[in-house]
Structures are given as structure tokens and as C-alpha cells.
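Reading the structure
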Amino acid sequence: MKLEMTPRDILLIRISVTALMLVLAVRFLILPEAEKMREAEDALVRAEAAAKSMQSRIDGIPELEKRLEKYDGELRALEAPYYKTLENHELDELVTGMILRHRLFPLSLAIGEGESRIPDPYLYSEGGVWDAEAARVEEEAEPSDEGEINPEEAAAAEAEALAEAAAAGTEAVETDETAEEITGYVRQVEVAVSLRGDEADVMAFLDDIWNNCPSIQIKTAQLEEETYAGENLEAVGQTNLKCVLTVYMCSELEQK
């Protein structure tokens, strides 16, 4: 039996082949190009947003420069009464010179390691009381072991946030653990001093620091009376002072 194709069968075959070609063209030609076009449109939107943000920052530069100049002047006015960064021999000359000006005899002087940080407020000042109260509230509000965050969950959440930021074309903000340590503007150094002299001169030395040296803080002071025999075997009294002074210094600003 010989099969013969009728004109209708030929028409159906042509329609089927045409439909198949259309499906293949849509699947392998049109859809990939449409996906590429969508990705290009998303990239264009991100680029336009980044350009707008950058232009906004550029437009704000003159205002930032004015504010920076204003704050620079205020900072220089505030740092005027304080010392610039001093080396150890300069600290030695500073403290020893004050001792000798008050007719006192220096027995020992030790300069500690300096550190850059914001000075702690005086305990009984408004700031000191506020800090103490804040520390107490924070200690009472510490979560129990049941409320602790799982390290694995925290790491997964951070990785997810980084992935979302990368997909959005933005930079993720560094955490406290990965952020670089920033050197402080105020530097403080402790100087341990031991000296001897008349009680009036010792008290004048302490008063001079308290009244005229805003960047030197008397951290601790211990007075001891000492009596010994003089040239004519008379009783002579001397006062020994052991104190720790904290010297505050400001890093010098870069000159424009």
C-alpha cells in the first residue's frame, strides 16, 4: 500500500515546521536577548542612580568646604590653650621646669606610654554621672544566655546582606570588627612625679597646675611630712609629694 501525501498533509507539515522554527527561535534567540536587555536596563538604572548620587555629592562639595573651614577655625580656637604633641624629653622639661620654678627638688620622674582616646569625664561632673548611669542601665539590660545570637546565624545574615548589596551595585558598610582603628585626636600621657620642698611651695605647685594648666590633670597626689635635723641640730620639716599627672595633647592639624 503506497501512502500518498495530499495537499492538506503537506500544508499541515509546513505549518508544523514553521511553528517549530518559531518556538526554537523564541527559545534560543528572542528570550536570551530579552534577558540581556533586561539586565542592561537594570545596569543602566543602577548607573544612573550612582551618577545622580555622585553628582549630588559633587554639588555639595562647596558647602562641605565652607563647613570644614568653619569647624577647622573652631577646632584651632579650642586647642589653643593645650599642648601640641610632645616627645618624652619635652614632657620631662615641661614638668621639671614647673617643679624648679616653685623652688622644689625633683626626686624622680617617670613618663608612661601615651594613648589616643577621648578623656574620661570627671566622676562628679554632669557627663560623668550620665556615663555611670548609662553603664548601669546597660549592665542591667544585658541579655541572658537564652537571648544570645547564634554565631552561625549572624555569619549567614551578614553574607546575605553582602550578597544583596553586591546585587544592588552598592558597597556594604564595614562592621566594627572589620573597620580600621582610627587614631584619636586627643593624646594623653601619664607622668609619675616625686618631689620634695616646703609645704607652701608644694601647695603652690599644685595650685599652679589646677589654675593655669588646663591640659594637665592631677590624677593622684600623696603628701608626706618628713622631719630631719638641720645644720644647728634644729628640727627641719619638709614635704614629700608623690603624684601622677595626666598631660593632654592635641595632634596638630594639617596646614592647607
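Residues numbered from 1 in each chain as written. Predicted model: local features only at pLDDT ≥ 70, side-chain atom pairs only at ≥ 80, totals over all residues. Heavy atoms only, no water.

Where nonpolar side chains cluster on the molecular surface, the patch consists of Leu20, Leu24, Val26, Phe28, Leu29, Ile30 and Leu31 and spans about 680 Å² of accessible area. Its location among the elements puts Phe28 in helix α1 (residues 7-59). (Patch = residues over 30% accessible without salt bridge, like charges linked within 9 Å, V, L, I, M, F, W, Y side chains within 5 Å. Areas by Shrake-Rupley, 256 points an atom, 1.4 Å probe, with all protein chains shown as cover. Salt bridge = Lys/Arg side-chain N within 4 Å of Asp/Glu carboxyl O. Helix = DSSP H or I, 4+ residues; strand = E, 2+ residues; numbered from the N terminus.)

It is worth spelling out the pairing of strand β4 (residues 186-197) at this point. Where strand β2 (residues 105-111) meets β4, six bridges bridge the pair, whose relative direction is antiparallel. Residue pairing in the sheet places Pro106 in a bridge with Leu195 of β4. Pairing between strand β3 (residues 115-116) and β4: two bridges, direction antiparallel. Considered in β4, the bridge of Glu115 is made with Gln188. Bridging between β4 and strand β6 (residues 235-250) involves twelve bridges; their strand directions are antiparallel. Bridge assignment links Arg196 to a residue of β6, and that residue is Asn240. (Pairing = 2+ DSSP bridges.)

The next point concerns the pattern of salt bridges. Taken as a whole, this structure holds five salt bridges when the rule is applied. One salt bridge in this structure joins Arg103 and Asp201, with 2.9 Å as the shortest N-O distance. Taken as a pair, Arg103 in the loop between α3 (88-101) and β2 and Asp201 in helix α6 (residues 199-212) lie far apart in primary sequence, 98 residues in all. Note on Asp201: relative accessible area 10%, which makes it buried. Taking the shortest distance from any N to any O, the salt bridge between Glu190 and Lys219 comes out at 2.4 Å. (Buried < 20%, exposed > 50% of the residue type's maximum accessible area, 1.4 Å probe, protein only.)

With 14 residues, α6 ought to run about 20 Å at 1.5 Å a step, and its terminal C-alpha atoms sit 20 Å apart, in line with that. Buried residues of α6: Asp201, Val202, Phe205, Leu206, Asp208 and Ile209, and no others. The arc that holds every buried residue of α6, seen down its axis, measures 150°, which confines them to one face. Of the exposed residues in α6, the ones pointing more than 90 degrees away from its buried face are Ala200, Trp210, Asn211 and Asn212. (Expected span 1.5 Å × (residues − 1). Arc of directions from axis to C-beta.)

Take the environment of Ile111 next. Relative to the helices and strands, Ile111 resides in strand β2. Along the backbone, Ile111 and Thr246 are 135 residues apart, and their C-alpha atoms lie at a distance of 9.9 Å. Non-local contacts of Ile111, meaning those with residues more than four positions away in its chain, are made with Asn88, Leu91, Asp92, Val189, Glu190 and Val191. (Contact = heavy atoms within 4.5 Å.)

Attention now goes to a negative patch on the surface. Taken together, the side chains of Glu87, Glu90, Asp92 and Glu93 make up a negatively charged region of the molecular surface. By the secondary structure assignment, Glu87 is in the loop between β1 (83-84) and α3. (Lys, Arg positive; Asp, Glu negative; His and termini not counted. Charge placed at Lys NZ, Arg CZ, Asp CG, Glu CD.)

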